[in-house]
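# Per-entry structural report
Now for the letters of each chain:
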Amino acid sequence: QVQFVESGGGLVQPGGSLRLSCAASGFTFSRISMAWFRQPPGKEQELVAVISPDGQNTNYAAAVKGRFTISRDNVQNTAYLQMSSLEPEDTAVYYCNAMPVRTWGQGTQVTVSS
């Protein structure tokens with residue numbers, strides 16, 4: 001069964017940092033691109049970042065470029081999203097997934113607020 005388990009979210013003040021983790025299973029992780037998505041409250045889901053199977057190529061949404069870093073550990077079958085300089089607009093439920101998308105996990109809530 002393909003599974004994604006996101007963790008690491010929480011409440012952080014503007015300008016702060018968080019590191020999200022995504023434990024993946026049920027497929028050959030090292031052969032598949034991974035991605036992070038987010039869904040702000042009341043808004044559509046958006047793609048945040050993508051990383052190639054070997055971790056060498058990454059792409060980011062314009063809104064997070066320069067602030068977020070996607071990475072992966074193919075030994076641990078885990079993807080990460082390091083978020084810095086967080087803004088209230090980053091508040092959302094964050095999901096990881098394969099690219100193309102497969103099944104969805106529960107996501108992890110990130111709230112950026114004073």
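Below or above, wherever it landed, is the structure these notes cover. (Residues numbered from 1 in each chain as written. Predicted model: local features only at pLDDT ≥ 70, side-chain atom pairs only at ≥ 80, totals over all residues. Heavy atoms only, no water.)

Moving on to the packing of aromatic side chains. According to the stated counting rule, one finds four aromatic pairs in the structure shown. Seen in terms of ring centroids, F27 and F29 are 6.2 Å apart; in terms of plane orientation they differ by 45°. Their pairing is tilted. Exposure remark for F27: the relative accessible area of 14% places this residue in the buried category. We classify F29 as buried; its relative accessible area is 2%. An aromatic cluster is built from F4, F27 and F29, whose rings are joined through pairwise contacts. The ring of F29 carries R72 above its face, with NZ or CZ at 4.3 Å from the centroid. (Phe/Tyr/Trp six-rings, centres within 6.5 Å; stacked < 30°, edge-to-face > 60°. Buried < 20%, exposed > 50% of the residue type's maximum accessible area, 1.4 Å probe, protein only. Lys NZ or Arg CZ within 6 Å of the ring centre and 35° of its normal.)

M34, W36, L81, M83 and Y94 are the most contacted members of the largest nonpolar core, which has 28 residues in total. For this core, the secondary-structure elements that each account for two or more residues are β3 (18-25), β4 (33-39), β5 (46-51), β7 (68-73), β8 (78-83), β9 (92-99) and β10 (108-112). (Core = buried A, V, L, I, M, F, W, Y, C linked by side-chain atoms within 4.5 Å. Helix = DSSP H or I, 4+ residues; strand = E, 2+ residues; numbered from the N terminus.)

This part takes up the sheet that holds β4. Strand order in this open sheet of six strands is β2-β10-β9-β4-β5-β6, and the pairing throughout is mixed. Each edge of the open sheet is held by one strand with a lone partner, namely β2 (10-12) and β6 (58-60). The mean angle between the axes of side-by-side strands here comes to 25°, regardless of whether they run parallel or antiparallel. Two elements, β5 and β6, share three bridges in a ladder whose sense is antiparallel. From the neighbouring strand, V50 faces β6, where its bridge partner is N59. (Pairing = 2+ DSSP bridges. Axes fitted to C-alpha atoms, helices over the stretch in contact; angles between N-to-C directions.)

Among the structural elements, T91 can be located in the loop between β8 and β9. Polar side-chain contacts of T91 include one of 2.9 Å to the backbone nitrogen of V112. Leaving out residues up to four positions away in the same chain, T91 has contacts with P40, P41, Q109, V110, T111 and V112. (Polar contact = N/O pair within 3.5 Å; in protein donor to acceptor, adjacent residues only side chain to side chain. Contact = heavy atoms within 4.5 Å.)

Taken as a whole, this structure holds one disulfide when the rule is applied. One disulfide in the model links C22 with C96; its S-S distance is 1.7 Å. Across the S-S bond of C22 and C96 the torsion is about 65°, and the bridge reads as right-handed. In this pair, C22 is assigned in strand β3 and C96 in strand β9, connecting sequence segments 74 residues apart. Comparing C22 with C96 shows no difference in burial state: the two are buried. (Disulfide = S-S within 2.5 Å.)

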